[in-house]
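Summary of structural features
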Amino acid sequence: MGAAGSKLEKALGEQFPEGERYFGLENFGNTCYCNSVLQALYFCVPFREQLLEYYLNNKSLTDSEETLLTCLADLFMQISSQKKKTGVIAPKRFVQKLKKQNEIFRSYMHQDAHEFLNYLLNELVDLLEKEARKAKNDPATSSPPENVANGLKNGHPDGTQKEPLVTWVHKNFQGLLTNETRCLQCETVTARDETFLDLSLDIEQNSSITSCLKNFSSTETLNAEDKFFCDKCCSLQEAQKRMKIKKPPQILVIHLKRFKYIEQLSRYKKLSYRVVFPLELKLSNTVEDADAEYSLFAVVVHVGSGPNHGHYVSLVKSHNHWLFFDDENVEMIDESAVQTFFGSAQEYSSNTDHGYILFYEGVDAGSRSTS
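These lines cover the structure that appears in this document, whether it is placed above or below. The residue count restarts for each chain, going from 1 along the sequence in the order it is written. Since the coordinates come from a predicted model, pLDDT governs what is reported: local features require at least 70, and pairs of side-chain atoms require 80 or more to be given and counted, while whole-chain, interface and lining totals use all residues. Side-chain descriptors were evaluated using all non-hydrogen atoms of the structure, hydrogens and water having been removed beforehand.

So, on to the pairing of strand β1 (residues 22-25). If a strand is regular, its side chains alternate between the two faces of the sheet. The alternating pattern of β1 places Tyr22 and Gly24 on one face and Phe23 and Leu25 on the opposite face, and all of these are buried. Bridge analysis of β1 against strand β2 (residues 86-89) gives four bridges, and the strand direction is parallel. What sits directly across from Tyr22, in β2, is Thr86. Exposure is judged per residue with a 1.4 Å probe applied to protein chains only, and the accessible area is read against the type maximum: over 50% gives exposed, under 20% gives buried, and values in between give partly exposed. In this text, helices come from DSSP runs of H or I with a minimum length of four residues, and strands from runs of E with a minimum of two, each type numbered from the N-terminal end. Two strands pair if DSSP finds at least two bridges between them.

Next comes the structure, spelled out in structure tokens:
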């Protein structure tokens, strides 16, 4: 990428951020889903800094102790310590480890970037929790379920709860939802908390992230065969249910559900709907923080008309500049170009480049070198 790299350096000139590196990632045959997510995570600066710190504390590990976490830390260190400002890096060890560990990613078929992100974050959490337990040599003790750090694997077969551990992955990405159900007979509200590392939102044509979030938190009536068993009434009752964000995360990851199963077709279809995602987002449907403010810093884009083929690229904001990452290629784009990835206003359109995963950072989440 010599020419492209020097072109980027020329475009930035004296504005090239001190100490920053912009490197494309080599594609090993349909690994764009992985490359696009890794670029978004690399430019999530608090996450990158903690991963590099982890690398420095664990660089003496032998190859036999290699995990997805050590491979990712090694890759981020490789990028950040390059002498050149731009170029291409082959994330070979990381991709090999990923394929070895999870057969889903072994084939050369088109993969889902969101599925990969979800798997990666949960895998990092599991590895960090295991390491913390090993360091403490702590037997698992019971704890209230709502405090459990990783909502996906928080219990033992005998029903006891693991002691909650909050890792730096949680500190960056974890938020808390509360599921409120109000019995319409006795007005009792039952609340159940659950953690999340990203929010998956249903989408509609010509909508916005704000309206998708409102729908996510809208009240649903449970009646007929969906009645709710109220503990106070000791019977099935009509009820109202709603999901609210109780504690917004530092980094809000929003997944737009662009792939929908169509019963009549017996297959998944890509929704190319136009969904506006603002550069600055206010979360108003939260429990405590009336207005949690966020700033967009990365977008993973799905390119293609269907769910089983296509390509992934990412847009990243770094030091007030927007960059476009397409595997080995990196170029500067204008901020206004972000709008071209909102989606298509008509169902059949030549534009197939649509925002799929959005990364927002809390504005008060500490000073970031990219802001």
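There's more to say after this.
In this section: the packing of aromatic side chains. Planes of paired rings set the category: under 30 degrees apart is stacked, over 60 is edge-to-face and the rest tilted, where pairs are Phe, Tyr or Trp rings (Trp by its six-membered ring) whose centres lie within 6.5 Å. Under the defined criterion, the tally for this structure stands at 19 aromatic pairs. The interplanar angle of 80° and the centroid separation of 5.1 Å between the aromatic rings of Tyr42 and Phe43 together place this pair among those described as edge-to-face. For Tyr42, a relative accessible area of 2% gives the class buried. Using a relative accessible area of 1% as the deciding quantity, one classes Phe43 as buried. Seen from their ring centres, Phe105 and Phe116 are 5.9 Å apart, and the 85° between their planes marks the pair as edge-to-face. One end of the pair, Phe105, is in the loop between α5 (92-101) and α6 (113-136); the other, Phe116, is in helix α6, with eleven residues separating them in the sequence. Classification of Phe116 by relative accessible area gives buried; the value is 0%. Three or more aromatic residues link up through ring pairs in this structure, and these residues are Phe16, Tyr22, Tyr42, Phe43, Phe47, Tyr54, Phe76, Trp168, Phe173 and Phe325. The residue whose ring lies beneath Arg48 is Tyr42, and the NZ or CZ to ring-centre distance is 4.0 Å. A ring is considered to have a charge above it if a Lys NZ or an Arg CZ atom is located within 6 Å of its centre and within 35 degrees of its normal.

Another aspect to go through is the packing of α5 against α6. How two helices pack is summed up by the angle between their axes together with the distance between the axes. Working convention: axes come from line fits to C-alpha atoms, limited for helices to the stretch in contact. Angles between N-to-C directions cover 0 to 180 degrees. Contact geometry of α5 with α6 gives a least axis separation of 13 Å together with a crossing angle of 90°. One element, α5, and the other, α6, form an angle in the roughly perpendicular class. For the pair formed by α5 and α6, the contact residues are Phe94, Leu98 and Gln101 on the first element and Phe116, Tyr119, Leu120 and Glu123 on the second. Taken together, the residues of the contact of α5 with α6 break down into five nonpolar, one polar and one charged. For classification purposes, angles smaller than 35 degrees are called roughly parallel, those larger than 145 roughly antiparallel, those between 65 and 115 roughly perpendicular, and all remaining angles oblique. Pairs of residues are marked as contacts when any of their non-hydrogen atoms sit within 4.5 Å. Note that Gly is not counted as nonpolar here; it falls among the polar residues with everything else outside the nonpolar set of Ala, Val, Leu, Ile, Met, Phe, Trp, Tyr, Cys and Pro and the charged set of Asp, Glu, Lys and Arg.

Attention shifts here to the sheet that holds strand β7 (residues 220-222). The strand order β4-β3-β10-β7 describes an open sheet built from four strands, whose pairing is antiparallel. Pairing within the sheet leaves two strands with one partner each, and these edge strands are β4 (189-196) and β7. On average, each strand axis in the sheet is tilted by 30° relative to the strand beside it, whichever way the strands run.

In this fold, Arg93 is placed in helix α5. For the pair Arg93 and Leu72, spaced 21 residues apart in the sequence, the C-alpha separation amounts to 8.7 Å. Nitrogen and oxygen atoms within 3.5 Å of one another constitute a polar contact, given that in protein one can donate a hydrogen and the other can accept it, and given that sequence-neighbouring residues count only through two side-chain atoms. Here the side chain of Arg93 touches Asp74 through a polar contact of 3.0 Å, side chain to side chain.

As a further point, take a negative patch on the surface. On the surface, Glu280, Asp291, Glu293, Asp334, Glu335 and Asp364 cluster together into a patch of negative charge. By secondary structure assignment, the location of Asp291 is in the loop between β15 (280-283) and β16 (292-303). With a relative accessible area of 42%, Asp291 lands in the partly exposed category. Here, patches come from residues exposed beyond 30% relative accessible area and free of salt bridges, joined within 9 Å for like charges and within 5 Å for nonpolar side chains (Val, Leu, Ile, Met, Phe, Trp, Tyr). Accessible areas in this description were obtained via Shrake-Rupley with a 1.4 Å probe; residue shielding takes into account the shown protein chains only. Salt bridges are identified by distance alone: a Lys or Arg side-chain nitrogen within 4 Å of an Asp or Glu carboxyl oxygen. In summary, the charge assignment counts Lys and Arg as positive and Asp and Glu as negative, without counting His or the chain termini. Lysine's charge is taken at NZ, arginine's at CZ, aspartate's at CG and glutamate's at CD.

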